[in-house]
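Residue-level structural notes
Here's the letter readout for the chains.
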Amino acid sequence: MSEFINFDDIDKHGPQSYRAEIEVSASELDRDEVAGVGPTLLELTAKKGDLPGEYIADGTASFTADFTCSRCVEPYPVANQSAFHVRFRPRPEASASGETEEVEITDTEELDVEYYSERQVSLRDLAIEQIQLSVPMKPLCEEGCLGLCSHCGANRNRETCDCEKKVVDERWGALAGIRDELAKKKDV
Ligand SMILES: [Zn+2]
Ligand SMILES: [Zn+2]
């Protein structure tokens, strides 16, 4: 099984299909939001695009992972499948003056363009990229996660603490003090 999309193969033999199970470790991703990640199944078809030197990869990346909840800091399991559509284009050559030619972005689809200088693309890099894109900025174990108590650090999804009640008691205490003060003034 090839570990690379090979553009020369596509030129010679037409569209190519790839299927690979790729082991990626959470430390490779370098994201605090990912506590662990299982093997990623990458399935795709790559073919020539319309532009000279352009190739298009269409496929899906499926993986299971443990994301860390941004509120309660507990890991929770995730099963993810994401579809992708990437265009590979030759990296623009530096012009005679040494400046890189400007690449005009004409429509939003061009955001999925990647520039290549070698005529092969690592399936592993593609898998890592797809996992990275699937990790939310602020993962939540569930929409209504109650998070941690800011006073004692208790996980409020699992336990109730007295901190909030104490704050309320202190406020009542302060009010009672004011009430006593007012009462004293009345007596004068
Ligand atoms: Zn949570
Ligand atoms: Zn508390």
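These notes cover the structure that comes with them. Because the structure is predicted, anything quoted here is derived from the model rather than measured. (Residues numbered from 1 in each chain as written. Chains lettered and ligands numbered in written order. Predicted model: local features only at pLDDT ≥ 70, side-chain atom pairs only at ≥ 80, totals over all residues.)

Time to look at the nonpolar core. Counting 23 residues, the largest nonpolar core has Leu 42, Ala 46, Leu 123 and Ala 127 as its most contacted members. When residues of this core are traced back to their parent elements, those giving at least two are β2 (16-22), β3 (34-37), β4 (40-48), β5 (55-68) and α3 (123-134). Residue contributions to this core peak at 7 residues, all from β5. Discounting residues that sit within four places of it in the chain, Leu 42 has contacts with Ala 20, Ile 22, Gly 59, Ala 61, Leu 123, Leu 126 and Ala 127. (Core = buried A, V, L, I, M, F, W, Y, C linked by C-beta atoms within 7 Å. Buried ≥ 20, exposed ≤ 12 C-beta atoms within 10 Å, placed from the backbone. Helix = DSSP H or I, 4+ residues; strand = E, 2+ residues; numbered from the N terminus. Contact = placed C-beta atoms within 7 Å.)

With that settled, the discussion passes to the pairing of strand β6 (residues 75-90). In this sheet, β6 lies alongside β5 in antiparallel orientation, the contact comprising 14 bridges. In the sheet register, Asp 58 faces β6, and the bridge partner there is His 85. By the bridge criterion, 4 bridges tie β6 to strand β7 (residues 113-116) in an arrangement that is parallel. Bridge pairing links Phe 88 to Glu 114 in β7. (Pairing = 2+ DSSP bridges.)

Before going further, it helps to examine the pairing of β4. With 7 bridges connecting them, β2 and β4 associate as antiparallel partners. When the sheet's bridge partners are listed, Arg 19 is paired in β4 with Glu 43. Relative to β5, β4 runs antiparallel, the two being bridged by 8 bridges. Following the sheet pairing, Leu 44 is matched in β5 by Gly 59.

For an α-helix, 3.6 residues make a turn, and residues three or four places apart therefore share a direction. For α3, with 12 residues, the first-to-last C-alpha span of 17 Å sits near the 16 Å given by 1.5 Å per residue. Considered for burial, the residues of α3 that qualify are Leu 123, Leu 126, Ala 127, Gln 130 and Ile 131. Along the axis of α3, the buried residues cluster in a sector spanning 135°; they form a single face. Set apart from the buried face of α3 by more than 90 degrees, the exposed residues are Asp 125 and Leu 133. (Expected span 1.5 Å × (residues − 1). Arc of directions from axis to C-beta.)

To continue, consider unusual backbone geometry. Notably, Asp 30 is not glycine yet its phi reads approximately 55°, a positive angle. Looking at the element boundaries, Asp 30 is found in the loop between α2 (26-29) and β3. Even without being glycine, Val 73 reaches a positive phi, approximately 65°.

These values are about where atoms sit, not about what they do.
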